[in-house]
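Descriptive analysis of the structure
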Amino acid sequence: MVLQRFTAALILPGMLLGAVWSARSERPEESAKPAKSAKAAPPRASRPPRAIPVHRERPRGEPTVILRAQPVRQLLSLDAAVFIALEQNPDLRRARQEVERLKGQVITVRAQALPRVSLSASYRREDEKLAGSGAGANDLESLLGVEGQSTPRPAPTPTPTPGPTPSPTPGQSSTPSASPTPALANAFAQTTSWQITLQVTQTLYAGGRIQAQIRAAKHAEHQAIFRLRDQIDTVIAKVRQQFAEALLNQSLVTVQEETVALLTRQLSDQRARYESGTIAQFDVLQAEVALANALPSLIMARNNAKISQLQLARTLGQNHRLPPEGMPYDLAGSLDLPAVRCTLEEALREAQLRRPLLKAQREAILIEVQNLIAERAGYLPTVQAQAGYTVQNDRFADDATAAVHGWFLGVQGNWNIFDGFETYGNVLQSRARIETARILYDDSVMQVDLEVRQSWLNLQQALETVVSQYKAEDQAMEAVRQATERLATGVGTQLDLLNATVALTQSRTTTLQARYQFIAASADFDRAIGMATEYNQLFRDPLAEGMPKRRVWKTPPPSGQKRR
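Residues numbered from 1 in each chain as written. Predicted model: local features only at pLDDT ≥ 70, side-chain atom pairs only at ≥ 80, totals over all residues. Heavy atoms only, no water.

1. Describing helix 4 (residues 90–110)
Taking 1.5 Å per residue as the helical rise, helix 4 with its 21 residues ought to reach 30 Å, and the 31 Å between its terminal C-alpha atoms agrees with that figure. Along its buried surface, helix 4 packs onto helix 3 (78–88) and helix 8 (209–276). Taking the backbone nitrogen of D91 as reference, a side-chain oxygen 3.0 Å away marks N89 as the first, capping residue of helix 4. (Helix = DSSP H or I, 4+ residues; strand = E, 2+ residues; numbered from the N terminus. Expected span 1.5 Å × (residues − 1). Contact = heavy atoms within 4.5 Å. Polar contact = N/O pair within 3.5 Å; in protein donor to acceptor, adjacent residues only side chain to side chain.)

2. So, the sheet that holds strand 3 (residues 192–205)
Sheet strands associate in pairs through backbone hydrogen bonding, adopting either a parallel or an antiparallel arrangement. The strand order across the open sheet formed by four strands is 2-3-5-6, and the pairing between neighbours is antiparallel. Unpaired on one side and paired on the other, strand 2 (116–125) and strand 6 (403–414) mark the two borders of the sheet. Here the strands of the sheet are splayed against their neighbours by 20° on average, with no regard to which way each runs. (Pairing = 2+ DSSP bridges. Axes fitted to C-alpha atoms, helices over the stretch in contact; angles between N-to-C directions.)

3. Observations regarding the packing of helix 11 (residues 356–376) against helix 12 (residues 422–468)
At their nearest, the axes of helix 11 and helix 12 sit 9 Å apart, and the two run at 170° to each other. Between helix 11 and helix 12, the interaxial angle falls into the category roughly antiparallel. Within the contact of helix 11 with helix 12, the residues separate by chemical class into 13 nonpolar, six polar and seven charged. (Parallel < 35°, antiparallel > 145°, perpendicular 65-115°, else oblique. Nonpolar A, V, L, I, M, F, W, Y, C, P; charged D, E, K, R; others polar.)

4. Overview of the packing of aromatic side chains
This model, assessed by the stated rule, comprises two aromatic pairs. On the basis of an interplanar angle of 85° and a centroid distance of 5.4 Å, the ring pair of F418 and F421 is categorised as edge-to-face. Each member of the pair F418 and F421 is classed as exposed. Judged by centre distance (6.0 Å) and plane angle (50°), the rings of W456 and F525 are tilted. Remark: F525 occurs in helix 14 (residues 494–529) and W456 occurs in helix 12; sequence separation between them is 69 residues. Residue F525 is classed as buried on the basis of its relative accessible area, which comes to 0%. (Phe/Tyr/Trp six-rings, centres within 6.5 Å; stacked < 30°, edge-to-face > 60°. Buried < 20%, exposed > 50% of the residue type's maximum accessible area, 1.4 Å probe, protein only.)

5. Side note on the side chain of H219
For H219, the location among the structural elements is in helix 8. If sequence neighbours within four positions are ignored, H219 has contacts with E363, L366, I367 and Q370.

6. Points about the nonpolar core
Ranked by size, the top nonpolar core spans 35 residues in total, and within it L76, V239, F243, L312, L316, L331 and L335 carry the most contacts. Those elements that place two or more of their residues in this core are helix 3, helix 4, helix 8, helix 9 (281–316), strand 4 (329–332) and helix 14. Here this core takes 15 residues from helix 8, the largest share from any one element. When near neighbours in sequence (up to four residues on either side) are disregarded, L331 contacts L76, F243, A246, L247, Q250, Q309 and L312. Within the second largest apolar cluster, 21 residues are counted, among which are C342, L344, W456 and L459. (Core = buried A, V, L, I, M, F, W, Y, C linked by side-chain atoms within 4.5 Å.)

7. Some points on unusual backbone geometry
One non-glycine residue, F421, adopts positive backbone phi at about 65°. Secondary-structure assignment places F421 in the loop between strand 6 and helix 12.

8. Details of the pattern of salt bridges
As enumerated under the stated definition, the model contains 19 salt bridges in all. As a salt-bridge pair, D449 and R453 come within 2.8 Å of each other at their nearest N and O atoms. One end of the pair is D449 and the other is R453, both in helix 12 and four residues apart, which spans about a single turn. For D449, a relative accessible area of 24% corresponds to the partly exposed category. By relative accessible area, which is 39% here, R453 ends up partly exposed. The partner of R527 in a salt bridge is D524, with the nearest N and O atoms 3.0 Å apart. (Salt bridge = Lys/Arg side-chain N within 4 Å of Asp/Glu carboxyl O.)

9. Looking at the pairing of strand 3
As defined by bridge partners, strand 2 adjoins strand 3 across ten bridges and the pair is classed as antiparallel. In the sheet register, L119 faces strand 3, and the bridge partner there is L198. Relative to strand 5 (residues 382–393), strand 3 is paired through ten bridges, and the arrangement is antiparallel. Residue I196 lies in a different strand from strand 5, and its bridge partner there is V391.

10. Focus: the confidence of the model for the protein chain
Overall, the prediction assigns the protein chain a mean pLDDT of 76, with 70% of residues at 70 or greater. When pLDDT is averaged over each helix and strand of the protein chain, the minimum, 39, is found for helix 2 (residues 28–32) and the maximum, 94, for strand 5. Contacts for the low-pLDDT stretch residues 1–59, under 50 throughout, to residues beyond four places or in other chains number three contacts. Predicted confidence is poor over residues 134–180, with pLDDT under 50, and the contacts of this stretch with residues over four places away or in other chains come to 15 contacts. (pLDDT = per-residue confidence, 0-100.)

11. Quick notes on a nonpolar patch on the surface
The grouping of L204, Y205, Y379, L380, V411, W415, I417, F418, F421, Y424 and L428 at the surface amounts to a nonpolar patch, some 1,300 Å² of accessible area in total. Those elements that place two or more of their residues in the nonpolar patch are strand 3 and helix 12. Classification of Y205 as partly exposed rests on a relative accessible area of 38%. (Patch = residues over 30% accessible without salt bridge, like charges linked within 9 Å, V, L, I, M, F, W, Y side chains within 5 Å. Areas by Shrake-Rupley, 256 points an atom, 1.4 Å probe, with all protein chains shown as cover.)

12. Concerning the environment of S118
Mapped onto the fold, S118 is located in strand 2. A C-alpha to C-alpha distance of 9.3 Å links S118 and G388, two positions 270 residues apart in sequence. Ignoring anything within four residues of it in the chain, the contact list for S118 reads T197, L198 and Q199.

13. Focus on helix 3
Taken together, the buried positions of helix 3 are occupied by A81, V82, I84 and A85. Along the axis of helix 3, the buried residues cluster in a sector spanning 165°; they form a single face. In helix 3, those exposed residues whose orientation departs by more than 90 degrees from the buried face are D79, F83 and E87. (Arc of directions from axis to C-beta.)

14. Brief notes about the side chain of Q469
Structurally, the position occupied by Q469 is in the loop between helix 12 and helix 13 (472–489). Among the residues examined, Q469 registers a relative accessible area of 17% and is labelled buried. Ignoring sequence-local partners within four residues, the contact set of Q469 consists of S507, T510 and T511.

The structure is reproduced here in structure tokens:
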């Protein structure tokens, strides 16, 4: 019994191995391989499985499947586009950095009015030959320019003091000689000098130059802020216009697609009629030509839609994040007409009060006035006060680490009695720059007036065009319907239907373009009068004296709230 079980255990694995081997031999890939030589291949070490797939020849007739990741289109609304542009637009980023630079300039100029505290230290060691040859400042013979001569001087009589008599050292005579005193010899032989000084310097009077430069730097900072605001208004208007242009091109693509679809149906209908023998081949040719003429407009509309979205992405600062193909954005919005509730006189008055460009030009005038005051300070003296404390080595001591210390105080003045008319020339230049700034301000006022009037006229033109096209599209659709019915009953012709189709396409295109022109003119109008944004004033506005409160014209208030 045990022997039968042992025999069954040996036979069963063999049968399984034989079944597996026969299954492998029946595969078409294995049977199609050519026979290899009898040379045994060298054994290979076991390797971990690789992540790279092994290439395998595909049998003929098997289809090729290429999988490509579809680009993710970003849903974008107008408000989101404006916020993205405010954060990432390169022009706004540069303008913000200019404001930061001028803030640093204010700090730099203001430092001239504050005291300067400096700590200086010096250390010097010289050759003993220079110190012993009379190069010291206390050597009278060196100062007189006498070399190699010794002027006999009477030795001072020492005053006896009580105390122990010092014993002479070996190699030294106790008899007094006519050489200089030991203290003076040590001073001449001194080879090391050091000094540490703490000094405070304060400008007491500079003729008003420092105060004028500080005020000019503050005006320059305010000017940079106003230029940043003007750039913000420009970017917002540009985003609104490009967003509307992208919507326009997207709508034009839809119009052209509907036109091509309509012409395709007409071509199919004409072919069916031609096959039934009711019309001639000329009508079929007309339908084919009309369809072929409509295809380039569709191709151009699709290309313009892509280009407009790329331009919008460039303004938003996101062109490096776009997919290589396809439309980058899925725009959420429509070509709705914004409300404009003001007259031309009110718009001109608001532009004079709110336009950041005029405020920046006004700050330029104030900057040049302060520069003139700073240049006039060249006629006046400057006075500085200095005080400090010094610690230095004792030049007459035997030890170089022996120090003496003390304070010092002083006043220094400077007055250029004659500077070769340099100050006079600087004053003339400053006066000329003031007049130039005033001329630029007057020109900017006229430019703002022109922009407001031009935007107002563009608004009126676009509004009249939109009103004129209210019924044109409905009438064109009715004309297409009647032409189709007339052609079906045999009363009308194929040419009538094609003309009605072209008129419908033109009417839709004109309506969409008029809506876009109104939105673009409205954005430019808000920029021209400075109503695109509202700011919190952190400093005095030179043109905001008596300015009325801002009224919201662009968007209606939320439901349940009253307009303030």
